[in-house]
Each structure stands twice: as C-alpha cells, then as structure tokens.
Amino acid sequence: MKFKQLQVLKKRAYRAFADGNRLDVPDQDAAHLDSINLAFVGDAYYALTLRKRLVETGIPHVQVLHTLAAEFVSAKAQAYVYRRIHDGLTDEEKAVCQRARNAYTLAPKSATVAEYHDSTALEALVGYLVMAGRQERLDTVMGQVYEETKAYCNEKHGGME
C-alpha cells in the first residue's frame, strides 16, 4: 500500500472508530480474517493472560514480572509452545495456523524465521478463537499454553536458585 493510500485509510479508520462505526469493507467470519490481524488480537490476549498468571504467582517486583513476561511472550517461547500443542488442534485451527505461518512477515533478530512463523501461527490461533467468540475452546487452549510455558520455563531455567 502506498503512503498516500495508507494516510487516507488511516483517516477513515480514525473517523469510523470515533463514530463507533465499521469501515465499509466486506464482513468476514473469524476463520477468514487476515492472519496478521488475527495474530494482532492474539498477541494482546496471549500477553495479558500470561501477565495475569505471573501476577497471580505473587512476584512482588514489577521488573521481575516484566522480565519473565517478555521472555514468555517471545517468539522463541511461543514457538516452543506452538510445537507442543499443534497436534491437538482441530483441522480448522490447524488451517488458521497454516495460513498465519505462510503470511509474509519479517522475523526479528531475536528469533529464527521458523520460530517467528510458529509464534505468529500461535498468536493467530488465539486471535481466531477470540474473534470467533469461542471462549470455552480459548480457555482450553490458554490452559495448554500456560502448562507448556511452565515446561519451557523448567527446560530453560529449571534448577536455578
């Protein structure tokens, strides 16, 4: 998208949001929303859920909370979790993940391209479940995410005193 087109779209988006309206674009079911948009929503939900779990552990210092949260929502940790839960996903969920893995994105220097694609797939899955209103399944998946994040923590930091 060219700069001028982006500016026009941004102006329309501000107006639609301020007025509480939807942009004049075709409505889509959650499974067919843009994969990167699903990952955008999934990233926020994922981070909030893990931050809540961290606070519930009773960690008294925000710097420690932030350090752990940053690690646990990193592409490396999310890729680890994705690879551990992938086989238990439904065919529809796997299709959402595959579309997200194939979406064009630039990987950060902190992760491999494969890790970044897998983390994007996991975020898109979470975003899909949020946007589809599938709360029960979302709770189940986030429970699995929590368990696998604990396994990641044990693998990376187990035995630290």
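Here's what I pulled together on the structure shown here. Owing to the predicted nature of the structure, the values given are computational and were not obtained by experimental measurement.

**Re the overall build of the chain**
When you go through the chain residue by residue, the secondary structure sums to seven helices and zero strands. Counted from the first residue to the last, the chain has its helices and strands arranged as α-α-α-α-α-α-α. Over its C-alpha atoms, taken along the principal directions, the chain stretches across nearly 55 × 35 × 35 Å. When the 161 residues of the chain are sorted by exposure, 33% land in the buried category. The long-range fraction of contacts in the chain, counting pairs at least 24 apart against all pairs at least 6 apart in sequence, stands at 70%. Of the accessible surface of the chain, which amounts to about 10500 Å², a share of 56% is contributed by carbon and sulfur atoms. For the chain, the distance from the average position of its 21 positive side-chain charges to the average position of its 21 negative side-chain charges is 8 Å.

**Looking at the packing of aromatic side chains**
Within this structure, the stated rule accounts for one aromatic pair. When the centroid spacing of 5.3 Å and the interplanar angle of 65° are considered together, the rings of tyrosine 80 and tyrosine 152 count as edge-to-face. With tyrosine 80 in helix H4 (residues 75-85) and tyrosine 152 in helix H7 (residues 135-157), this pair connects stretches of sequence that are 72 residues apart. The ring of tyrosine 146 is capped by arginine 53, whose NZ or CZ atom sits 3.8 Å from the centre of that ring.

**Section: H4**
Along H4, eight of the 11 residues are buried, which leaves the element largely enclosed by surrounding structure. Looking only at H4, the buried set comprises Ala75, Ala77, Gln78, Ala79, Tyr80, Val81, Tyr82 and Ile85.

**A closer look at helix H3 (residues 62-72)**
Along H3, the positions that sit buried rather than exposed are Leu65, Ala69 and Phe72. Summarising the axial view, the buried residues of H3 lie within an arc of 70°, below the 170-degree limit, and thus occupy one face. For H3, the exposed residues lying more than 90 degrees away from the buried face are Gln63 and His66. Buried-residue contacts for H3 involve helix H2 (35-56), H4 and H7.

**Details of the side chain of glutamate 148**
Summarising the element assignment, glutamate 148 is placed in helix H7. Here glutamate 148 falls in the buried class, since its relative accessible area comes to 17%. Contacts of glutamate 148, omitting those with residues within four sequence positions, involve Tyr80, Val81, Arg84 and Ile85.

**Some points on the nonpolar core**
Formed by 31 residues in total, the largest nonpolar core has its most connected members in Tyr46, Val81, Ile85, Leu122, Leu125, Tyr128 and Val145. Of all the elements in the fold, those that place two or more residues in this core are H2, H3, H4, helix H5 (91-102), helix H6 (113-131) and H7. Among the elements that make up this core, the one with the highest residue count is H6 (seven residues). Other than its neighbours up to four places away in sequence, leucine 125 contacts Ile85, Leu89, Glu93, Val96, Cys97 and Val141.

**Digging into the packing of H4 against H7**
Where H4 meets H7, the axes come as close as 9 Å, and the angle between the chain directions of the two elements is 120°. As judged from the angle between their axes, H4 and H7 are oblique. Between H4 and H7 lies a crossing whose hand is right-handed. In contact with Lys76, Ala77, Tyr80, Val81, Arg84 and Ile85 of H4, H7 contributes Val141, Gln144, Val145, Glu148, Thr149, Ala151, Tyr152 and Glu155. A per-class count over the contact of H4 with H7 returns eight nonpolar, two polar and four charged.

Quick notes on the rules
Residues numbered from 1 in each chain as written. Predicted model: local features only at pLDDT ≥ 70, side-chain atom pairs only at ≥ 80, totals over all residues. Heavy atoms only, no water. Helix = DSSP H or I, 4+ residues; strand = E, 2+ residues; numbered from the N terminus. Buried < 20%, exposed > 50% of the residue type's maximum accessible area, 1.4 Å probe, protein only. Contact = heavy atoms within 4.5 Å. Areas by Shrake-Rupley, 256 points an atom, 1.4 Å probe, with all protein chains shown as cover. Lys, Arg positive; Asp, Glu negative; His and termini not counted. Charge placed at Lys NZ, Arg CZ, Asp CG, Glu CD. Phe/Tyr/Trp six-rings, centres within 6.5 Å; stacked < 30°, edge-to-face > 60°. Lys NZ or Arg CZ within 6 Å of the ring centre and 35° of its normal. Arc of directions from axis to C-beta. Core = buried A, V, L, I, M, F, W, Y, C linked by side-chain atoms within 4.5 Å. Axes fitted to C-alpha atoms, helices over the stretch in contact; angles between N-to-C directions. Parallel < 35°, antiparallel > 145°, perpendicular 65-115°, else oblique. Left-handed = near helix turned anticlockwise from the far one by under 90°. Nonpolar A, V, L, I, M, F, W, Y, C, P; charged D, E, K, R; others polar.

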